[in-house]
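Each chain, written out:
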Amino acid sequence: MMVAAETLAVSHAHRVATFLERHGVLVAFAALFLWNAVVADTAEIFRNPENLRNIINQNATTGIVAIGMTLVIVAGGIDLSVGSIMALAGAVALLTVNYLLTAGEDGVVAWSEAFAVMAGVGTGLATGLACGLMNGFLVTVGRLPAFIATLGGLSAYRSITLALADGGEIRSASASVLSAMGRGSVTLVPASVLGPEARPITVTWNILLFIAIAIIGHILLTRSRFGRHVIAVGGNETAARYSAIAVNRVRLATFVIVGLCSAIAGLMATARMNSVSSSQLGSFMELDAIAAVVIGGTSMAGGRGRVWGTVLGVMILAIINNMLVFAEVSPYWHGSVKGVIIILAVLIQRGRRA
């Protein structure tokens, strides 16, 4: 009877450990959300729909970059240049917009504002793809460690952005179209339904884009052959080669995807601010993205990861940041908190493997 009881206890402990390994980030998010929405002194402010919308909207760019970073890390790589790609893509996009809007003689508008903005978006996305392709080539063809290749990109892409902006800020010549893209929203619940003094519940285009990319990323990683190849390459590169998987092509594709995601995030931030700060846009984005990925349960060793976990990791960091703001903690300490969270998440992963 004692042996049976011990076996039952071990089995129960194993089930609990397995559940926490698979759904621990969901439990952590639920606990953190409920604490802030119900127990905390600022619960009424926190659960206000406008505050919740702002939390998601302000972190949508981080979420999009983190989704691309998830694929890279699952494949056994890492990308430290994402923040610099964001800034470069935004700068190239605004320079394109400004050039097309002032291309005529004596400042006469040569192109429509809508066309100029669309062209700027196109050049910005192309810049992100090119940067991702360069990183991927350095890793796959140049055989450089991903850490070194993208560390060089972090410095080089930021330097190009600073040179294009002469170390300052690039302001958009678009009077309304670009800012409408960055600040526009869709009304979910009109004010007339909520009451005479209530505000309508809206969802910004940035949030909708974040949700769409998260869905695409989840399907790509879990429901496609490419996703299975990404997991195989990160789990065991040698076995993947023996299985006739084009390892270099898969790795290259993940860097191109994260480059594209970074460009999208950079354009979102540019549209919201209607300008680009060459030194500040995307600063420390690699830290935020990696933190979200690790918190979400993706293994830094590769071969295992979840896009939905990364999305929850972004939300956990966003709520913690919101808590720090409510507690009036100096923003200079926020980076320390994120650093501690990354270290704890990696230590937890090591404990699971042990």
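See the structure printed just above.
If you're wondering where the values come from, they're calculated on a predicted model, not measured in any experiment. (Residues numbered from 1 in each chain as written. Predicted model: local features only at pLDDT ≥ 70, side-chain atom pairs only at ≥ 80, totals over all residues. Heavy atoms only, no water.)

Draft legend 1. Summary view of the overall build of the chain. The helix and strand inventory of the chain stands at 16 helices and four strands. Here the chain holds 354 residues, and 44% of them are scored as buried. Within the chain, residue pairs in contact and separated by at least 24 positions form 74% of the contacts whose partners lie at least 6 positions apart. Taken as a whole, the chain presents about 17,900 Å² of accessible surface, with 66% of it coming from carbon and sulfur. (Helix = DSSP H or I, 4+ residues; strand = E, 2+ residues; numbered from the N terminus. Buried < 20%, exposed > 50% of the residue type's maximum accessible area, 1.4 Å probe, protein only. Contact = heavy atoms within 4.5 Å. Areas by Shrake-Rupley, 256 points an atom, 1.4 Å probe, with all protein chains shown as cover.)

Draft legend 2. A look at the packing of aromatic side chains. In this structure the tally under the stated criterion is two aromatic pairs. Ring geometry for Phe 29 and Phe 33: centres 6.0 Å apart, planes at 35 degrees, overall tilted. With Phe 29 and Phe 33 both in helix α1 (residues 2-39) and four residues apart, this pair spans about one turn of that helix. Ring centres 5.5 Å apart and planes at 65 degrees place the aromatic pair Phe 33 and Phe 46 in the edge-to-face group. (Phe/Tyr/Trp six-rings, centres within 6.5 Å; stacked < 30°, edge-to-face > 60°.)

Draft legend 3. Geometry of the side chain of Thr 70. Among the structural elements, Thr 70 can be located in helix α4 (residues 60-74). A distance of 2.7 Å separates a polar atom in the side chain of Thr 70 from a polar atom in the side chain of Thr 310. When neighbours within four sequence positions are excluded, Thr 70 is seen to be in contact with Val 293, Thr 298, Arg 306, Val 307 and Thr 310. (Polar contact = N/O pair within 3.5 Å; in protein donor to acceptor, adjacent residues only side chain to side chain.)

Draft legend 4. Helix α11 (residues 225-235), seen in detail. Taken as a whole, α11 has its buried residues at Gly 227, Val 230, Val 233 and Gly 234. Down the axis of α11, the buried side of the element spans an arc of 125 degrees, and every buried residue falls inside it. For α11, the exposed residues lying more than 90 degrees away from the buried face are Arg 225, Arg 228 and Gly 235. Where α11 is buried, its residues touch α4, α10 (205-222), α12 (237-242) and α13 (247-273). (Arc of directions from axis to C-beta.)

Draft legend 5. Examining helix α15 (residues 307-326) more closely. Here α15 spans 29 Å end to end across 20 residues, near enough to the 28 Å set by a 1.5 Å rise per residue. Looking one or two places after α15, you find Glu 328, whose phi comes out positive at around 60 degrees. (Expected span 1.5 Å × (residues − 1).)

Draft legend 6. Structural detail: the pattern of salt bridges. Across all of its chains, the model carries three salt bridges by this definition. The shortest N-O distance in the salt bridge between Arg 171 and Glu 169 comes to 3.0 Å. Judged by its relative accessible area of 60%, Arg 171 is exposed. With a relative accessible area of 42%, Glu 169 lands in the partly exposed category. Among the ionic pairs, Glu 237 bridges to Arg 251, the shortest N-O distance being 3.2 Å. Of this pair, Glu 237 sits in helix α12 while Arg 251 sits in helix α13, placing them 14 residues apart in sequence. Glu 237 gets classed as partly exposed once you look at its relative accessible area, which sits at 29%. Through salt bridges with shared partners, one network takes in Glu 237, Arg 241 and Arg 251. (Salt bridge = Lys/Arg side-chain N within 4 Å of Asp/Glu carboxyl O.)

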